[in-house]
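Here's the letter readout for the chains.
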Amino acid sequence: MTDPPRNRRESNERVRRRYASERRFQWYGRLAMLLGVAVLVFLVLTVFSSGYSAFVRHQVGVEVFFDTDALGITAQSPVEELEQAEYLLLLRKNLFKMFPEIRKRRDRKQLLGLISSNSGGELRDLVVSNPAVLGTKQTVWVTSSSNVDQILKGNAPREIAEKSRLLGDKQLKWMDSLADEGRLRKKFNPYFFTRGDSRAPEMAGIWGAILGSFWALMVCLLLSFPLGVAAAIYLEEFAPKNRWSELIEVNINNLAAVPSIIFGLLGLAVFLNFFGVPRGTPLVGGMVLSLMTLPTIIIACRSALKAVPPSIREGAMGMGASPMQVVLHHVFPLALPGTLTGVIIGLARALGETAPLLMIGMFAFVVDLPGGLLDSATALPVQIYLWAESSERGYVELTAAGIMVILSFMVVMNSIAMYFRKRFERRW
């Protein structure tokens with residue numbers, strides 16, 4: 001006969017081991033969460049530490065005499081003539097006058113490396129906005145070159161061999177001379193938020209990519225939202241339950257997990273090659289993104305429709321409403337918050353997609369800001385990709401700053417989705 005105290009000890013030991021195992025499992029979960037948070041914090045800190053400097057820029061103060069004879073214009077000249085004058089040549093001549101000891105052509109070329117190659121446009125904008133400066137001498141603050149900017153920000157080393165440095169010894173000497181004279185300053189960089197891409201990193205901006213993403217997402221929303229909602233309502237409320245409807249449901253669930261580049265190949269084959277939609281435009285980009293977003297919207301809308309209690313349908317039908325009136329007047333309004341949440345999450349995913357846009361040509365170097373659906377454009381993730389593969393050091397901070405911008409949009413869109421879910425959610 002078994003000893004009862006022995007059974008009791010064994011039972012207590014098993015219970016103790018089970019509780020210990022549960023505690024270990026809880027600690028494993030906590031450690032996994034801490035590790036995930038640590039990786040996320042490290043990623044965010046790395047991006048922010050590399051990209052925050054892109055929001056400021058350095059400028060060089062140059063004494064410029066706006067010689068009307070050299071420019072060939074006057075204050076009364078039409079705007080077209082004011083815009084076409086040789087401002088860069090004028091800027092270079094006045095910069096050379098600030099360093100009269102520099103005579104050699106090679107040294108002068110190095111001196112020009114202190115200012116942006118596109119800084120002549122800043123003089124043009126100044127004259128066009130205020131023609132009264134013509135014939136006067138002004139201190140004009142022009143954007144420094146990317147190499148000067150990176151060294152002053154500490155993003156590029158200064159105390160290394162000259163052949164490995166962004167600036168030569170003479171250029172560093174001239175830069176220090178400008179700093180001692182108070183002709184170097186750091187200011188907020190408006191170009192990053194107001195301009196398109198540029199061959200000069202110090203002049204590049206992300207506004208063109210934001211506009212491209214905006215137009216593409218508008219097309220995506222206008223196509224995917226009504227089609228997705230209509231498909232979800234039909235499948236959930238009206239479609240007969242047979243093998244064909246089950247096959248459609250399985251395919252929709254599978255499409256939600258298809259790699260995004262497949263949708264890019266589909267858009268390339270159908271929209272570009274077959275229908276002839278203009279390549280590299282927000283129109284075709286939005287059409288491709290809508291294909292990718294449709295499964296997500298359909299699944300979210302169907303889940304929201306399923307969550308509506310059957311009593312709502314039964315009560316409406318009991319009052320004499322038709323099946324269509326039941327859905328449109330009673331069921332769908334109650335399912336709309338969940339549907340909108342799925343739509344916003346789908347658009348947030350579309351905002352961060354790069355592969356399908358590469359396949360349809362939205363990766364070109366686009367300087368001009370897109371003004372509509374048929375203008376050549378790029379998108380935020382594609383712009384970040386183009387900057388990331390550029391070799392110049394100035395594009396490194398632009399890449400990180402672009403990631404910060406797209407992360408901000410993602411956080412805002414997901415916050416809106418959470419707001420809709422919490423604000424309009426109903427518990428039955």
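Going by the structure above, here's the rest.
Residues numbered from 1 in each chain as written. Predicted model: local features only at pLDDT ≥ 70, side-chain atom pairs only at ≥ 80, totals over all residues. Heavy atoms only, no water.

(A) Focus on the overall build of the chain. From N to C terminus, the chain includes 18 helices and three strands. Computed over the C-alpha atoms, the radius of gyration of the chain is 31 Å, more than 25% above the 22 Å expected from 2.2 N^0.38 for a compact globule of 428 residues. In the chain, buried positions account for 42% of the 428 residues. Considering only residue pairs separated by 6 or more positions, the chain has 78% of its internal contacts joining residues 24 or more positions apart. When the accessible surface of the chain is totalled, it reaches about 23800 Å², and 61% of it is carbon and sulfur. Averaging the coordinates of the 47 positive side-chain charges in the chain and doing the same for the 36 negative ones gives two points 9 Å apart. (Helix = DSSP H or I, 4+ residues; strand = E, 2+ residues; numbered from the N terminus. Rg over C-alpha atoms; globule rule 2.2 N^0.38 Å. Buried < 20%, exposed > 50% of the residue type's maximum accessible area, 1.4 Å probe, protein only. Contact = heavy atoms within 4.5 Å. Areas by Shrake-Rupley, 256 points an atom, 1.4 Å probe, with all protein chains shown as cover. Lys, Arg positive; Asp, Glu negative; His and termini not counted. Charge placed at Lys NZ, Arg CZ, Asp CG, Glu CD.)

(B) Molecular detail of a nonpolar patch on the surface. There is a patch of nonpolar side chains on the surface, built from Phe25, Tyr28, Leu31 and Leu34 and spanning about 510 Å² of accessible area. Structurally, the position occupied by Leu34 is in helix H1 (residues 4-51). (Patch = residues over 30% accessible without salt bridge, like charges linked within 9 Å, V, L, I, M, F, W, Y side chains within 5 Å. Salt bridge = Lys/Arg side-chain N within 4 Å of Asp/Glu carboxyl O.)

(C) Region of interest: the packing of helix H14 (residues 310-318) against helix H15 (residues 323-351). Following both chains from N to C, one finds H14 and H15 inclined at 155 degrees, their axes separated by 10 Å at the closest point. Between H14 and H15, the interaxial angle falls into the category roughly antiparallel. Relative to H15, H14 is oriented so that their crossing is right-handed. On H15, the residues that touch Ile312, Arg313, Ala316 and Met317 of H14 are Val326, His330, Val331 and Leu334. Residue classes in the contact of H14 with H15 are distributed as six nonpolar, one polar and one charged. (Axes fitted to C-alpha atoms, helices over the stretch in contact; angles between N-to-C directions. Parallel < 35°, antiparallel > 145°, perpendicular 65-115°, else oblique. Left-handed = near helix turned anticlockwise from the far one by under 90°. Nonpolar A, V, L, I, M, F, W, Y, C, P; charged D, E, K, R; others polar.)

(D) Spotlight on the environment of Glu237. With respect to the secondary-structure elements, Glu237 resides in helix H10 (residues 207-238). Taking relative accessible area as the criterion, Glu237 reaches 23% and is therefore assigned partly exposed. With 200 residues separating them in the primary sequence, Glu237 and Val37 have C-alpha atoms 42 Å apart. With residues near it in sequence (within four places) discarded, Glu237 still touches Leu305, Arg313, Val327 and Val331.

(E) Examining the state of the cysteines more closely. Tallying each qualifying case throughout the model produces zero disulfides. Of the cysteine sulfurs around Cys220, a residue in no disulfide, the closest is that of Cys301, at 15 Å. Here Cys301 falls in the buried class, since its relative accessible area comes to 0%. (Disulfide = S-S within 2.5 Å.)

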